[in-house]
Amino acid sequence: MADAPVVEMVDLHKRYGATEALRGLTLHVPAGSIFGFLGRNGAGKTTTIKILLGMVRPSAGRATVFGLAADAASGSVEIRRRTAFVSDEKDLYDSMTVAEIIRFTAGFFPRWRDDLEQRYLRKFELPPDRKVKALSRGMRTKLALLLSLSRGAELLVLDEPTAGLDPAMTEEVLQALVGHAAREGMTIFFSSHQITEVEQIADAVAIIDRGRTVVSGALDDLRENFRRVQLVFDGEAPAAAFEAPGITRVRRAGRMLTVLSTAGAEPILDRARALHAVSMDVVPVTLKEIFLESVTTEE
Amino acid sequence: MLWYKSWRDTRWRFFVGLGVLMLSGVSVVLIYPRVLALVPLVPSSDVGGEVGRRIREIAQLSREFRGYIWAQWFHQNVRQEWTVVSALLGTGGLVAQGSTGALFTLSLPVSRNRLVAVRAAAGLAELLVIAVAAALLLPIIAPAVGERYAVVDALAHAVCMFAAGAVFFSLACLLSTSFDDPWRPLLIAVVAAAVLAMCETVLRDLQPYSVFAVMSGDVYFRTGHLPWVGIVASAAVSASLLLVATVNLARRDF
C-alpha cells in the first residue's frame, strides 16, 4: 500500500444551524487502500462523504482529495471526474432504463470502461431495458456499482453500500468490490455501521463519533495495538493518571479501571505497577469491541 | 448529456404547455365567425363604466381579424395561459428532484453553475418553441375561417411572449432552488403574476411598463414596432433572477 493519502481531512467542521455534524474531524485515506469509515447513525459519515464530493460545504477545516480542495468549485469538478460515488439511497434516475442511465453516465467520463460495463452487466444480470424505478433494491445497488466501477475512477466512495441488502446480496457486492480493487488498484472509501463487512474487506479503518475521529489506522495495526487493560486498585481507581496520548478511553467503576489503549499494553502496565495496582489483565480486542469502546460515552 | 436529461425532466410539461397554447389559439380562431356575427349587437349595449368600455373596445377591434386575435388571444388568453405555462416550465430541477437523482447528478463532474445554465437554456428553448409554434398556428389555420394572419405578426408576438414569459420562467427557476417540491414555486410565481396584474389594473399609469404589456405585444399591435425597451427590461430581469438562482444553488448543501 502506498503512503500518499488520496483523501485528507484536517480539523473539519460542519454546522447545520444549531447542530454540529462534524467537530474537528481529521482523517487520511492512503492510496490503494480499502478504507472502512465506521460510525453510529448520525455520527457524521454521510456529511463527511458529501463534503469530499462538494455536495456540502464545510464550516471550517480542510478537505482535499487528490490534493485538490473539495470546497473549491473547479477542484470539486476535477475530484468528481476522478471519483465514483454510490449514495446510501442508491440515488439514480428512476425514469431512465438501465441502458439509458449507463449511456448517460458514460458521456461524462472520457475514461469510461466499456469492458467493465459489459462484464458487470453480465455478472450482475441487469436487464438493460428495465426502468430503474422497477428494479429491486439489490438490483439498484448493483446498477449503482456498475455505474461507479465502469468510470475508470481512481477513488470509489460508497455510503453504506450494503444497506438494506440480504446476506447473499451483501456478500456478492463485497466480493465485487474486493475483486475490482484488486484488479484495478483503486482506492475504496466506504462508510458503514456493519462492522463485520468492514472487517471482511477493509485494510484500514476510521471510527468517528459525534463528528470526531476517535480511532484511525491500518486494521492489522489496530488489532495489534489495541488492548483493553483491566486494573484493580486497593482504593479509588486513579483514572486521571491514565489519561495520556495513546489512551482512547478510561472507564472507572469504583476500584476497577478499564483502559483502552491504541499503543499496546506495556505503557499502561508500567504505570499501573507504579500505582500499585493489585490486579492487571490484558485482553485483545476485536474491531467490534474497538468500535463499541470508542463510541460509548464515559459515564 | 445534461441537455438530454433536462429535456427528459421537462418534456411532459413542454407538451402540456404546447397543447394548451395551441388548443387555445385554434379555439379563438375557429369561433371568430360567431364572434363577428355578435359584433353588430354590441353598440346597443348600455353597459357603462370600465367593463362597458372594454366590451366596446373589444367589439371594435374584433371587426378585423388581426384586432380580434390580439384582443381575444394575445391580450387576454395568453396573459393567463402563458404565465402559468412559463412558470410550470421553470419549476423542478436539482432541489425538487429530492431522492430521485439529485445526489447522482451532483456526483457527476459538472459544476452547479453549468447545471443551472443548461437547465435554464433548455427551459428557455422550450419556451421559445411553444411561443413560436402556438403563434405560427394562427396564420396556418386562419384560412379555415376565411381570414389571413401575417406570419410576421405571429413571429413578432411570439418574441414578445417569449421575453415576458422568460421572467416568470426565471422566477420559478429561482424559487425552485429554495423549495424542494415543484408546487410551491409554481404557486408563488402565479400569485406574483396575479399581484402584478392587479397592480396594473389599479395603477393604470403603470400599464405601458407592465410585463403583461410586453407579453401581449400592445406596442407592436398599435405601432407595428417591437417593444424593445420592454423586451430588454424583461431579459434583464430574467437574467438577474437566473443569476440569483445560480448563486442560491451554489451555496446550498445537499
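By convention here, each chain's residues receive numbers from 1 onward along its written sequence. Whichever chain is written first becomes A and whichever ligand is written first becomes 1, with later ones labelled in order. It should be noted that, the model being predicted, local features are given only for residues of pLDDT at least 70 and side-chain atom pairs only at 80 or more, the latter also being counted only at that level, while totals for whole chains, interfaces and linings use all residues. Each side-chain value is derived from all of the structure's non-hydrogen atoms; neither hydrogens nor water enter the calculation.

1. So, the overall build of chain B
Comment: elements are numbered from the N terminus, with helices defined as DSSP H or I runs of at least four residues and strands as E runs of at least two. Within chain B one finds 12 helices and 0 strands. Start at the N end of chain B and walk to the C end: the helices and strands fall as α-α-α-α-α-α-α-α-α-α-α-α. Atoms considered for the radius of gyration are the C-alpha atoms alone. The globule rule reads 2.2 Å times the number of residues to the power 0.38. Here the C-alpha radius of gyration of chain B, 20 Å, is about what a compact globule of 254 residues would show, namely 18 Å. Principal-axis analysis of the C-alpha atoms gives chain B an extent of 65 × 40 × 30 Å. Buried means the residue's accessible area, taken with a 1.4 Å probe over protein chains only, is under 20% of the maximum for its type, while exposed means over 50%, and partly exposed covers the values in between. In chain B, buried positions account for 52% of the 254 residues. The contact criterion used throughout is that any non-hydrogen atoms of two residues lie within 4.5 Å. Sequence separation of 24 or more characterises 78% of the internal contacts of chain B that already satisfy a separation of 6 or more. Here the accessible surface of atoms and residues is derived via Shrake-Rupley with a 1.4 Å probe, and residues count as covered only by protein chains that are part of the display. When the accessible surface of chain B is totalled, it reaches about 11,700 Å², and 70% of it is carbon and sulfur.

2. A short note on the sheet that holds strand S13 (residues 256-261) of chain A
Residues and elements named next belong to chain A. Taken together, the 4 strands give an open sheet; going across it, the order is S12-S13-S11-S14, and neighbouring strands pair in antiparallel fashion. The sheet terminates laterally at strand S12 (247-253) and strand S14 (279-284), the two strands that pair on one side only. Strand-to-strand, the axes of this sheet are offset by a mean angle of 15°, without reference to chain direction. What makes two strands pair is DSSP finding at least two bridges between them. Relative to S13, S12 runs antiparallel, the two being bridged by 6 bridges. Among the inter-strand pairings, Arg252 is bridged to a residue of S13, identified as Leu257. Comment: axis = line fitted to C-alpha atoms, over the contacting stretch for helices; angle = value between 0 and 180 degrees taken between N-to-C directions.

3. Side note on the interface of chain A and chain B
Contacts between chain A and chain B engage 30 residues on the former and 26 residues on the latter. Accessible area, probed at 1.4 Å, shrinks when two parts are joined; the buried area is that loss added up over both. Considering only the side of chain A, the residues that lose the most area to chain B are Met55, Asp91 and Tyr93 of chain A, jointly responsible for 27% of the buried surface there. Here a salt bridge means any side-chain nitrogen of Lys or Arg lying within 4 Å of a carboxyl oxygen belonging to Asp or Glu. At the boundary of chain A with chain B, the tally comes to 2 salt bridges. A salt bridge links Glu100 of chain A to Arg8 of chain B; the shortest N-O distance between them is 3.2 Å. Polar contact is the term for a pair of N or O atoms within 3.5 Å; when the atoms are in protein, one must be able to donate a hydrogen and the other to accept it, and sequence-neighboring residues count only if both atoms are side-chain atoms. At the junction of chain A with chain B, the criterion picks out 16 residue pairs in polar contact (both at pLDDT 80 or more). Take the side of chain A that touches chain B: its biggest share by element is 5 residues, from helix H3 (residues 98-106) of chain A. The nonpolar class holds Ala, Val, Leu, Ile, Met, Phe, Trp, Tyr, Cys and Pro. Asp, Glu, Lys and Arg form the charged class, and all remaining residues, Gly among them, are polar. Looking at the side of chain A that touches chain B residue by residue, the class counts come to 14 nonpolar, 5 polar and 11 charged.

4. Re the environment of Gly123 of chain B
All names here are of chain B. Mapped onto the fold, Gly123 is located in helix H7 (residues 112-141). Remark: the alpha-carbon pair of Gly123 and Leu106, spanning 17 residues in sequence, is separated by 20 Å. Apart from the residues within four sequence positions on either side, Gly123 is in contact with Leu89 and Phe169.

5. A closer look at the domain arrangement of chain A
Note: interface size is frequently given as the accessible area lost on complex formation between the parts. Residue and element names in this part refer to chain A. Looking at chain A, the domain boundaries give domain 1 (5-217) and domain 2 (226-294). The C-alpha-based centres of domain 1 and domain 2 are spaced at 36 Å. Residue-level contacts link 11 residues of domain 1 with 7 residues of domain 2. The three residues of domain 1 that bury the most area against domain 2 are Ile195, Ile207 and Val215, which together make up 53% of that side's buried surface. Between the two partners, domain 1 and domain 2, sit 0 salt bridges. For the pair domain 1 and domain 2, the interface holds 1 residue pair in polar contact (both at pLDDT 80 or more). Tallied by class, residues from the side of domain 1 that touches domain 2 come to 7 nonpolar, 1 polar and 3 charged. An automatic or database domain assignment supplies the residue ranges for each domain.

6. Regarding the layout of surface pockets
Vacant regions in the atomic arrangement are exposed by a probe of water-molecule size rolled over the atoms. Residue and element names in this part refer to chain B. In the cavity and pocket records, a cavity denotes points on a 1 Å grid over the protein atoms alone where a 1.4 Å probe fits but cannot get out, a pocket denotes an open set with protein on both sides within 12 Å along at least 5 of 7 lines, and lining residues are residues with an atom within 4 Å of a point. Grid points are joined across faces, edges and corners, and a volume is the space filled by probe spheres set on the points. Considering only enclosed or pocket space, the largest pocket measures out at about 1,200 Å³ in volume. Arg79, Glu200, Ser210, Phe212 and Ala213 are the residues nearest the centre of the largest pocket, which is lined by 43 residues in total. Among the elements of the structure, helix H3 (49-61), helix H4 (65-90), helix H9 (183-202), helix H10 (211-216), helix H11 (218-223) and helix H12 (228-251) are those that each provide at least two residues to the lining of the largest pocket. The residue makeup of the lining of the largest pocket, split by class, is 25 nonpolar, 9 polar and 9 charged.

7. A few points about the packing of H3 of chain B against H4 of chain B
All names here are of chain B. Packing of H3 against H4 brings their axes to within 6 Å, and their N-to-C directions diverge by 130°. Compared by their axis directions, H3 and H4 come out oblique. Along the contact surface, H3 presents Arg54, Ile58 and Leu61, while H4 presents Gly67, Tyr68, Trp70, Ala71, Gln72, His75 and Gln76. Grouping the constituent residues of the contact of H3 with H4 by class yields 5 nonpolar, 4 polar and 1 charged. Relative orientations are named as follows: roughly parallel for angles under 35 degrees, roughly antiparallel for angles over 145 degrees, roughly perpendicular for angles from 65 to 115 degrees, and oblique for any other angle.

8. A short note on the environment of Phe66 of chain A
Residue and element names in this part refer to chain A. Within the secondary structure, Phe66 is located in the loop between strand S4 (60-65) and strand S5 (68-69). Residue Phe66 is classed as buried on the basis of its relative accessible area of 18%. Every residue in contact with Phe66, bar those within four places of it in the chain, is listed here: Val6, Ile79, Arg82, Thr83, Glu154 and Leu155.

9. Here we look at the sheet that holds strand S2 (residues 19-30) of chain A
All names here are of chain A. With respect to topology, 4 strands assemble into an open sheet ordered S2-S1-S4-S5, the strand pairing being antiparallel. For this open sheet the edge positions go to S2 and S5, each flanked by a neighbour on one side alone. As defined by bridge partners, strand S1 (residues 5-16) adjoins S2 across 9 bridges and the pair is classed as antiparallel. Across the sheet, the residue bridging to Tyr16 is Thr19, located in S2. Taken strand by strand, helix H1 (residues 45-52) contacts S1, S2 and S4, and its axis lies near 115° from that of S1.

10. Some points on the packing of aromatic side chains
Only Phe, Tyr and Trp rings are paired, with Trp represented by its six-membered ring, and only when their centres lie within 6.5 Å; those with planes under 30 degrees apart are stacked, over 60 edge-to-face, the remainder tilted. Inspection of every chain in the model, using the stated rule, returns 18 aromatic pairs over all chains. Taken together, a centroid distance of 4.6 Å and an interplanar angle of 45° make the contact between Tyr32 of chain B and Tyr68 of chain B tilted. Of the two residues, Tyr32 of chain B is situated in helix H2 (residues 32-38) and Tyr68 of chain B in helix H4; the sequence distance between them amounts to 36 residues. By the burial criterion, Tyr32 of chain B is buried, and Tyr68 of chain B matches it. Ring-pair connections join several aromatic residues into one group, and the members of that group are Tyr93, Phe104 and Phe108 of chain A together with Phe104 of chain B. Here, a charge over a ring means that NZ of Lys or CZ of Arg falls within 6 Å of the ring centre while also lying within 35 degrees of the ring normal. Just above the ring of Tyr16 of chain A sits the side chain of Lys14 of chain A; from NZ or CZ to the centre is 5.2 Å. The side chain of Arg82 of chain A reaches across the aromatic face of Phe66 of chain A, ending 4.0 Å from its centre.

11. A short note on empty space enclosed by the protein
Taken as a whole and assessed by the stated rule, the structure comprises 2 cavities of 30 Å³ or more. The computed volume of the largest cavity comes to approximately 310 Å³. Together, 22 residues line the largest cavity, and Gly93, Leu94, Leu115, Val116 and Arg119 of chain B are the ones closest to its centre. Mapped onto the lining of the largest cavity, the elements with two or more residues apiece are helix H1 (2-30), helix H5 (94-97), H7, helix H8 (151-176) and H12 of chain B. The computed volume of the second largest cavity comes to approximately 80 Å³. Around the second largest cavity, the lining residues are Phe85, Val86, Ser87, Lys90, Asp91, Leu92, Ala144 and Ser148 of chain A together with Leu103, Phe104 and Ser107 of chain B. Sorting the residues of the lining of the second largest cavity by element identifies strand S6 (83-86) and helix H5 (137-149) of chain A together with helix H6 (102-106) of chain B as the ones contributing at least two each.

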